[in-house]
Amino acid sequence: MPLALRVVQSLSEAAGILAADSRTTLLSGGTLVMRDVNEGRLTDGTLLRVTDPAWQQIQVSGTRIELGAGATMAAILAQRELGFLHAAARAVGGPAIRNMATIGGNLFAAAPYGDFAVALLALDAQVMVLAGYGSPRAVPIEEFLAGRSRGEARLVASVQFNRPVAPGDFRFLKVSRVKPKGLSVLSIATHLPGHASRIGQARVAYGAMGPLPVRARGVERALEGKALDANGIAAARAAALEGVQPVTDAIASDWYRREVLPVHLGRLLANQS
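Cut-offs and rules
- Starting from 1, residues in each chain are numbered consecutively following that chain's sequence as written.
- Reporting in this predicted model follows two pLDDT cut-offs: at least 70 for local features of residues, and 80 or more for side-chain atom pairs to be given and counted; totals over whole chains, interfaces and linings ignore these cut-offs and use all residues.
- In computing side-chain properties, one takes all heavy atoms of the structure into account and sets aside hydrogens as well as water.
- Strand pairing is assigned whenever DSSP identifies at least 2 bridges connecting the two strands.
- In this description a helix means any DSSP run of H or I spanning at least four residues, a strand means any run of E spanning at least two, and both kinds are numbered starting from the N terminus.
- Axis angles are defined between N-to-C directions and span 0 to 180 degrees, where every axis is a line fitted to C-alpha atoms and, for a helix, only to the segment in contact.
- In plain words, nonpolar cores are sets of buried Ala, Val, Leu, Ile, Met, Phe, Trp, Tyr and Cys residues tied together by side-chain atoms within 4.5 Å.
- Only protein chains enter the calculation, and the probe is 1.4 Å; a residue is then buried if its accessible area is under 20% of its type maximum, exposed if over 50%, and partly exposed in between.
- Criterion for a salt bridge: a side-chain nitrogen of Lys or Arg within 4 Å of a carboxyl oxygen of Asp or Glu.
- In a helix, the anticipated span is given by 1.5 Å times the number of residues less one.
- We define the bend at each residue as the angle formed by axes fitted to the 7 residues ending at it and the 7 residues starting at it.
- Contacts: residue pairs with any heavy atoms within 4.5 Å of one another.
- Between 30 and 60 degrees the pair is tilted, below 30 it is stacked and above 60 it is edge-to-face, where a pair is any two Phe, Tyr or Trp rings, Trp via its six-membered ring, whose centres lie within 6.5 Å.
- Placement of a charge over a ring requires the Lys NZ or Arg CZ to be within 6 Å of the ring centre, with the centre-to-atom vector within 35 degrees of the ring normal.
- Identification of polar contacts relies on pairs of N or O atoms within 3.5 Å, with a donor-acceptor requirement for protein atoms, meaning one able to donate a hydrogen and the other able to accept it, and with residues adjacent in sequence counted only if both atoms are side-chain atoms.
- Throughout the structure description, domain borders are defined by an automatic or database domain assignment.
- Note on definitions: buried area is the accessible-area loss of two parts on being combined, 1.4 Å probe, summed for both.

Undergrad: Give a detailed account of the sheet that holds strand E2 (residues 24–26), specifying residues and quantitative values.
TA: Strands sit in the order E1-E3-E2 across an open sheet of 3 strands; the sheet is parallel. Two strands lie at the open edges of the sheet, namely strand E1 (4–8) and E2, each paired on one side alone. When strand polarity is set aside, the average angle formed by the axes of neighbouring strands in this sheet is 30°. Pairing geometry for E1 and strand E3 (residues 46–50), over 5 bridges, is parallel. Bridge assignment links Val-7 to a residue of E3, and that residue is Arg-49.

Structure, rendered in structure tokens:
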């Protein structure tokens, strides 16, 4: 059967349909799904659209931020209060793509795509998911990404996280061969509370250094309790490759990604990127 299009008005209805029918694909911004359709990789089943306004809402309440999964990168860039995320949002294609690409879609993007998901991983986001009819359930982003790799059918309603306390606590870098909108050689996001004195509870995440966005746990341990000075940065660089499994694709080889990762990590930590 050819592809069919179905439109529903509520997130819970959409979640129920996705849970009941494995041949249904959620159509969010369409930047990846429609490419698969146009290139003949997705030829049958149902494309599902959701028109629930809550899916596109952005809420900033004190230190807590909630981004609807249907919110676009352009919508992020339009919010002054989300300035710390603007570099990550700009990393997603050019203006036309950012007008369509969504938070939820980015969470499902395979490497070397998915740069915004790297930022969310460094921010320790909670992913609000619907698995069938019912209320959203908060899932830590690492758990969500692991479930995604197993093909679990869940609809993302939103993501939630705390705003970084101080300017400079959160940093993001995308490395590409073609600027400003080339595919990632790699991406790095860091959340380093207390970086002005002694770092505590560091979170560092990579993109394109594995099949999914990954935590750089060796770097986190190396930075814990240290100042972000030459010695701290050297320790982080020494641990940069711990646990990584870089992908090889048309953009770069795994060898090249291993070679340049410590260099770009050091520059980001030194605020030289």
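Undergrad: Mind laying out the nonpolar core, listing which residues take part and the relevant values?
TA: Of all hydrophobic cores here, the largest spans 51 residues; its most connected members are Leu-67, Leu-85, Ile-103, Leu-107, Phe-116, Leu-120 and Phe-161. When residues of this core are assigned to their parent elements, the largest contribution, 7 residues, is made by helix H7 (residues 115–122). Val-204, Met-209, Ala-216 and Ala-222 belong to the second largest nonpolar core, which has 27 residues in total.

Undergrad: Could you give an account of the pattern of salt bridges, with specific residues and numbers?
TA: Tallying each qualifying case throughout the model produces 10 salt bridges. Between Arg-203 and Asp-124 there is a salt bridge, and its shortest N-O distance comes to 3.3 Å. Highlighted residues: Arg-203 in strand E11 (residues 203–207) and Asp-124 in the loop between H7 and strand E6 (126–130), separated in sequence by 79 residues. The partly exposed category is assigned to Asp-124, whose relative accessible area is 39%. Of the charged contacts, one joins Arg-215 and Glu-220 as a salt bridge, the two residues approaching to 2.6 Å between their closest N and O atoms.

Undergrad: Please provide a residue-by-residue account of helix H11 (residues 254–269), values included.
TA: Between its first and last C-alpha, H11 extends 23 Å over 16 residues, near the 22 Å set by a 1.5 Å rise per residue. At Val-260, H11 is deflected by roughly 30°, the largest bend along its length, and proline Pro-262 occurs up to four residues later in sequence. All of the buried residues in H11 are Arg-257, Val-260, Leu-261, Pro-262, His-264, Leu-265, Gly-266, Leu-268 and Leu-269. Packed against the buried residues of H11 are strand E9 (170–176), strand E10 (184–191), E11, helix H9 (217–223) and helix H10 (230–238). After H11 finishes, the residue Asn-271 shows a positive phi value of roughly 60°.

Undergrad: Which residues make up the sheet that holds E10, and what values do they have?
TA: The strand order E9-E10-E11-E12 describes an open sheet built from 4 strands, whose pairing is antiparallel. With partners counted over all chains shown, the strands left at the sheet margins are E9 and strand E12 (214–215), one partner each. One ladder, built from 7 bridges, connects E9 with E10; its direction is antiparallel. When the sheet's bridge partners are listed, Arg-171 is paired in E10 with Thr-190.

Undergrad: Which residues make up the packing of aromatic side chains, and what values go with them?
TA: Overall, the coordinates contain 3 aromatic pairs when judged by the stated rule. For the pair Phe-84 and Phe-161, a centre-to-centre distance of 6.4 Å together with 85° between the ring planes defines the contact as edge-to-face. Here Phe-161 lies in strand E8 (residues 155–162) and Phe-84 lies in the loop between helix H3 (73–77) and helix H4 (86–90), a separation of 77 residues in the sequence. Residue classification places Phe-161 among the buried positions, given a relative accessible area of 0%. One aromatic cluster is present, built from ring pairs that chain together Phe-84, Phe-161 and Phe-170. The ring of Tyr-256 is capped by Arg-177, whose NZ or CZ atom sits 4.7 Å from the centre of that ring.

Undergrad: Break down the side chain of Lys-174 for me, citing the residues and quoting the values.
TA: Its place among the elements puts Lys-174 in strand E9. At 2.7 Å, the side chain of Lys-174 forms a polar contact with the backbone oxygen of Ala-91. At 2.6 Å, the side chain of Lys-174 and the backbone oxygen of Gly-182 are in polar contact. Not counting chain neighbours up to four residues away, the residues in contact with Lys-174 comprise Ala-91, Asp-115, Lys-179, Lys-181, Gly-182, Leu-183, Ser-184, Leu-186 and Ser-187.

Undergrad: Could you give an account of the domain arrangement of the chain, with specific residues and numbers?
TA: Assigned domains within the chain: domain 1 (4–46), domain 2 (55–162) and domain 3 (170–269). Centre-to-centre separation of domain 2 and domain 3, based on C-alpha positions: 20 Å. Of the residues lining the interface, 23 residues belong to domain 2; the matching set on domain 3 comes to 27 residues. Where domain 2 abuts domain 3, roughly 1,900 Å² becomes buried across the two surfaces, and 67% of that area is made up of carbon and sulfur atoms.

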